[in-house]
Amino acid sequence: MQTPPAVIPVDMSARQVAQEFEHHDLVSAPVIDQSNHLVGRITIDDVVDVIREEAEHSVLTMAGLDEETDIFAPVAKTAVRRWLWLGVNLITALLAAMVLFSFEPTLEQIVATAVLFPIVMSMGGIAGTQTLTIMIRGMATGQVNVGNTAVLFRKELAVGALNGLVFSIVVAAIAYFWYGSIELGLVMAFAILANLLAGAVAGFVIPIVLKRMSIDPALAGGVVLTTVTDVVGILAFVGLATYILLGT
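Rules of the game
Residues numbered from 1 in each chain as written. Predicted model: local features only at pLDDT ≥ 70, side-chain atom pairs only at ≥ 80, totals over all residues. Heavy atoms only, no water. Pairing = 2+ DSSP bridges. Helix = DSSP H or I, 4+ residues; strand = E, 2+ residues; numbered from the N terminus. Contact = heavy atoms within 4.5 Å. Axes fitted to C-alpha atoms, helices over the stretch in contact; angles between N-to-C directions. Patch = residues over 30% accessible without salt bridge, like charges linked within 9 Å, V, L, I, M, F, W, Y side chains within 5 Å. Areas by Shrake-Rupley, 256 points an atom, 1.4 Å probe, with all protein chains shown as cover. Salt bridge = Lys/Arg side-chain N within 4 Å of Asp/Glu carboxyl O. Buried < 20%, exposed > 50% of the residue type's maximum accessible area, 1.4 Å probe, protein only. Core = buried A, V, L, I, M, F, W, Y, C linked by side-chain atoms within 4.5 Å.

S.K.: I keep staring at the sheet that holds strand S3 (residues 38-43) and nothing clicks. Help me out?
M.R.: Two orientations exist for strands paired in a sheet by backbone hydrogen bonds: parallel and antiparallel. Pairing in this open sheet of three strands is mixed, and the strands run S1-S2-S3 from one edge to the other. Looking at strand neighbours, the two that pair on one side only are strand S1 (8-9) and S3, the edges of this open sheet. Bridging between strand S2 (residues 28-32) and S3 involves five bridges; their strand directions are antiparallel. In the sheet register, Ile-32 faces S3, and the bridge partner there is Leu-38. In this fold helix H1 (residues 14-24) packs onto S1, S2 and S3, with an angle of close to 65° to the strand it touches most, S3.

So, in C-alpha cells, the structure goes:
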C-alpha cells in the first residue's frame, strides 16, 4: 500500500514548510489551494534557502541585530543600529547594580563576597542560557507545543536541581579551601543551587512569554535572562551572606 504524498497548503508559512520537509524527509511536495487543486510544487532547494535565512536570522537576533545589518556599513550607521539593545542591556545591568548596592555594607565587611559572587552569577547565566537555547530551538522546529510544555518544564527543573546539587558541592569545597569557612561554603552552595534553579526556570519561561507577546525570543531572551540570573544570584549569595555570616 502506498500512503498519499504529503501536500503543502498554498498559505502555509515558509517555516512550517521547512518543518514538513524535515519531519517527512521530503525532496519534493505538491502545493494545493483551498479547493485541493494542484497549483505547483516545492523542492528541497527552495527549502534550503529558507533554512539558510532562518539560520542567519537566529544568529543575528541573538546579538540584537537584524537582517539589514551590513558588515561594510559606515561606522556611525553601524553604531546607531546597535544602540537599542546596548541601551536595554545597560538598564538591566543598572538594575543588578542597584540590588548589589543595597548590600554594600556586606561587601565592605566580608571581602570574600566580592571575590566569589561573580561565580554565582556566571553559573546561573550559563545554566539559563542552555535552557533558553534549547527552548528557542524547540519552538522554532515545532518540537515544543502546548501538549508537552509541562513535561519539558519538569525535566528542565530536574536538570537544574541536579546540576545545582553537583556544582554547589564543588564550589562550596573550593570556597572552604580558599577561606577555611564552613559558613561561607554553605552560603556558596545554597546560592549556586538557587541560581541554577532560577536559570532553568527563567530559560524555560522567558521564550514562552515573549512568544505570546509577539516578541522574538532570540532577540530579547538573552537580555531578560541575564537580568533574572544576575538579580537572583546577588540576592541569594549576598543576602545569605548578610544573614548567615553577619547575623543581620
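S.K.: Before we go on, may I ask you to explain a nonpolar patch on the surface in this structure?
M.R.: Taken together, the side chains of Val-111, Val-115, Leu-162, Val-166, Phe-167, Val-170, Ile-174, Phe-177, Trp-178 and Tyr-179 make up a nonpolar region of the molecular surface, amounting to roughly 1000 Å² of accessible area. Counting only elements with at least two residues in the nonpolar patch, the list comes to helix H6 (111-141) and helix H7 (149-179). Mapped onto the secondary structure, Phe-167 falls in helix H7.

S.K.: So what exactly am I meant to see when it comes to the pattern of salt bridges here?
M.R.: Where side chains of opposite charge bring their charged atoms close, a pairing between them can arise. Going through the model one piece at a time under the given rule, you end up with one salt bridge. One salt bridge in this structure joins Glu-156 and Lys-155, with 3.9 Å as the shortest N-O distance. The buried category is assigned to Glu-156, whose relative accessible area is 12%.

S.K.: Looking at this model, I keep getting lost on the nonpolar core. Mind explaining?
M.R.: For soluble globular proteins, the rule of thumb is that nonpolar side chains tend to be buried together. In this structure, Leu-116, Val-120, Met-188, Ile-234, Phe-237 and Val-238 are the most contacted members of the largest nonpolar core, which totals 24 residues. For this core, the elements supplying multiple residues, two or more each, are helix H4 (83-101), H6, H7, helix H8 (182-212) and helix H9 (217-245). Not counting residues up to four positions away in its chain, the partners in contact with Val-238 are Leu-100, Phe-103, Thr-106 and Gly-233. In terms of nonpolar packing, the next biggest core, distinct from the first, is built from 10 residues, Ile-8, Val-17, Leu-26 and Val-47 among them.

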